[in-house]
Amino acid sequence: MTADVVVVGGGVIGTSIAFALASAGVKRVVLLEKSALASGASGRSSALVRMHYTNVEDARLAWASYPLFRDWTERMDGPPVFRRTGFLAVVGPQDAGALKSNVEMLRGIGIDTVALSPGELKTLQPFVNVDDIGAAAYEPASGYASPADVVEGFRRQAQARGAQIRQWTPVTRILRRESAVTGVETPSGRIDAGAVVVAAGAWAPRLCKEIGLPLEARPKAIDTMLVTRPPELATPHMVVIDHVLGTYFRPESDVLTIAGVPCQVWDVDPDTMPTGLPPSAPIEGAQLLTQRFPAMERAELARGYRAFDCYSADRHAILGAAPGIDGLYLATAFSGSGFKIAPAVGTCMAELITEGRARSVDISAFRPARFAEGKLIAGPHPYKPRRDHLEPAR
Ligand SMILES: Cc1cc2nc3c(=O)[nH]c(=O)nc-3n(C[C@H](O)[C@H](O)[C@H](O)COP(=O)(O)OP(=O)(O)OC[C@H]3O[C@@H](n4cnc5c(N)ncnc54)[C@H](O)[C@@H]3O)c2cc1C
């Protein structure tokens, strides 16, 4: 069999790329997923859709992606996937100046966001404890999405445009002749292709290593718990990224709240990692949750799980042509933050493959070679590093 482009991986990134390639008129797009679609990070994603970043590159991708979530029904001909709740990024007093600078940067891109004082935040969400907060960034239009429905929509529309989506079909090897990719090998045969996109999430480092391409990325576990909200918090709160506590909270349906629990478990094997939470995680999650929302004292644990994603050395995605191997493209290492940018990543990768350059958003900063060049992605006004982005102390 021969394809124009093979996409390896059927998460939100792979399906978005397949959809964008087929939409751009590429005739023979084949997406291969070793398991079921959305069975990796994408199906477990908390799927916050927000624009607040401390670097302009990610913010531009998030901003370019947002309209598709918002206008999903009209543009993707499917049920709505996005719930608008409003979004808050909160920081401690030492980061208040940086937050104001970042809000200015984001407003310069066109994003509707303002900086709030702790008092203004309290007026907006009276049940939030603001004692340790120096400032908040507010985005009224942001919220969260249903990750499985987004992947399903990309699948449906990619197939409608002629893409082949094959589940339960692992790529056992990427094939190359000298410095060019020639296709992929699967248990049901070889597929010849001049272009192969690695969108294999936490499996990408292993897949790339097998063809002699080291990736500056490692799989890391991510812990999540859900609680039922007490009656006094019955109305859903906003989505909150909490840079003071190093976590995030968002409503799920009308009765639950999702809380991220900082997790520093690196180099997990995504095929064998236990998906249950360690007993310490709900305890820590409850402490964080009640510190920010004191009324959550009366919340009840509903469930929790461990998932994973692929984290790069600078905690930003790796996007672009693989150095030294013609026809091989990388879209991976989204570092716990790839869901919200998936629509624009799909479009940009399709442009890169078909036209040689991403036109919609400049993704050159995400190029795989940046690590070797020492040009890591970092905005000028970073916040205190998140605990779960750090290596554990040895
Ligand atoms: C708990 C959690 C919460 C998150 N919250 C957010 C959030 O709020 N906002 C946000 O923007 N991001 C969030 N993220 C991050 C985001 O979900 C991920 O960055 C994104 O889903 C990555 O998508 P992906 O397609 O690259 O990877 P995946 O979804 O992991 O997909 C990769 C796919 O490749 C397949 N595959 C691997 N190897 C092969 C092979 N050899 N052959 C064929 N198929 C293969 C796998 O089976 C898998 O389905 C969160 C992630 C997690 C885990």
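Peer 1: Mind showing me how you'd approach the overall build of the chain here?
Peer 2: Each helix and strand counted, the chain has eleven helices and 19 strands in total. For the chain, the C-alpha radius of gyration of 21 Å lies close to 21 Å, the compact-globule estimate for 394 residues. Along the three orthogonal principal directions, the C-alpha set of the chain runs to about 60 × 50 × 40 Å. The long-range fraction of contacts in the chain, counting pairs at least 24 apart against all pairs at least 6 apart in sequence, stands at 75%. Here the chain has roughly 15900 Å² of accessible surface; of this, 52% comes from carbon and sulfur atoms. Averaging the locations of the 42 positively and 41 negatively charged side chains of the chain gives two centres separated by 2 Å.

Peer 1: In this structure, what is going on with the environment of Tyr138? I would like to understand it.
Peer 2: Its location among the elements puts Tyr138 in strand β7 (residues 135-139). Residue Tyr138 is classed as buried on the basis of its relative accessible area, which comes to 19%. Once the C-alpha coordinates of Tyr138 and Phe87 are considered, the two residues, 51 residues apart in sequence, prove to be 5.7 Å apart. With residues near it in sequence (within four places) discarded, Tyr138 still touches Gly86, Phe87, Leu88, Asp112, Thr113, Val114, Leu116, Leu124 and Met238.

Peer 1: What is the right way to read the sheet that holds strand β4 (residues 82-84) from this model?
Peer 2: Whether parallel or antiparallel, the strands of a sheet pair through hydrogen bonds between backbone atoms. In space, the three strands of this open sheet follow the order β3-β8-β4, with antiparallel pairing throughout. Bordering the open sheet on either side are β3 (48-49) and β4, each of which pairs with just one other strand. The pairing of β3 with strand β8 (residues 143-145) spans two bridges and is antiparallel. Each bridged residue has a counterpart across the sheet, and for Val49 the counterpart in β8 is Gly143.

Peer 1: Before we go on, may I ask you to explain the packing of helix α1 (residues 12-23) against helix α7 (residues 147-160) in this structure?
Peer 2: If you want to describe how two helices pack, look at the angle between their axes and the distance between the axes. Contact geometry of α1 with α7 gives a least axis separation of 8 Å together with a crossing angle of 30°. For the element pair α1 / α7, the angle class is roughly parallel. In the packing of α1 onto α7, the handedness of the crossing is left-handed. Across the interface between the two elements, Val12, Thr15, Ser16, Ala18, Phe19 and Ala22 from α1 touch Val150, Val151, Phe154, Arg155, Gln157 and Ala158 from α7. Residue classes in the contact of α1 with α7 are distributed as eight nonpolar, three polar and one charged.

Peer 1: Is there a simple way to think about the pattern of salt bridges in this case?
Peer 2: Pairing between side chains becomes possible if they bear opposite charge and their charged atoms approach one another. One pass over the structure, following the stated rule, counts 20 salt bridges. Where Asp132 meets Arg292, a salt bridge forms, and the shortest distance between an N and an O atom there is 2.8 Å. Here the residue Asp132 occupies a position in the loop between α6 (118-124) and β7, and Arg292 occupies one in helix α9 (residues 280-292), the gap between them amounting to 160 residues. Among the ionic pairs, Asp269 bridges to Arg206, the shortest N-O distance being 3.0 Å. One end of the pair, Asp269, is in the loop between β16 (256-261) and α9; the other, Arg206, is in helix α8 (residues 204-210), with 63 residues separating them in the sequence. The class for Asp269 is partly exposed, based on a relative accessible area of 32%. What makes Arg206 partly exposed here is its relative accessible area of 39%.

Peer 1: I keep staring at the pairing of β7 and nothing clicks. Help me out?
Peer 2: As a general feature of sheets, a regular strand has side chains that alternate between the two faces. Among the five residues that make up β7, five are buried, leaving the element largely enclosed by the rest of the structure. Burial along β7 is two-sided: the face carrying Ala135, Ala137 and Glu139 and the face carrying Ala136 and Tyr138 are both buried. In terms of strand pairing, strand β5 (residues 87-91) meets β7 through five bridges, oriented antiparallel. Looking across to β7, one finds that Val91 is bridged to Ala135.

The rules behind these values
- Residues numbered from 1 in each chain as written.
- Predicted model: local features only at pLDDT ≥ 70, side-chain atom pairs only at ≥ 80, totals over all residues.
- Heavy atoms only, no water.
- Helix = DSSP H or I, 4+ residues; strand = E, 2+ residues; numbered from the N terminus.
- Rg over C-alpha atoms; globule rule 2.2 N^0.38 Å.
- Contact = heavy atoms within 4.5 Å.
- Areas by Shrake-Rupley, 256 points an atom, 1.4 Å probe, with all protein chains shown as cover.
- Lys, Arg positive; Asp, Glu negative; His and termini not counted.
- Charge placed at Lys NZ, Arg CZ, Asp CG, Glu CD.
- Buried < 20%, exposed > 50% of the residue type's maximum accessible area, 1.4 Å probe, protein only.
- Pairing = 2+ DSSP bridges.
- Axes fitted to C-alpha atoms, helices over the stretch in contact; angles between N-to-C directions.
- Parallel < 35°, antiparallel > 145°, perpendicular 65-115°, else oblique.
- Left-handed = near helix turned anticlockwise from the far one by under 90°.
- Nonpolar A, V, L, I, M, F, W, Y, C, P; charged D, E, K, R; others polar.
- Salt bridge = Lys/Arg side-chain N within 4 Å of Asp/Glu carboxyl O.

Function-wise, these values are silent; they only describe arrangement.
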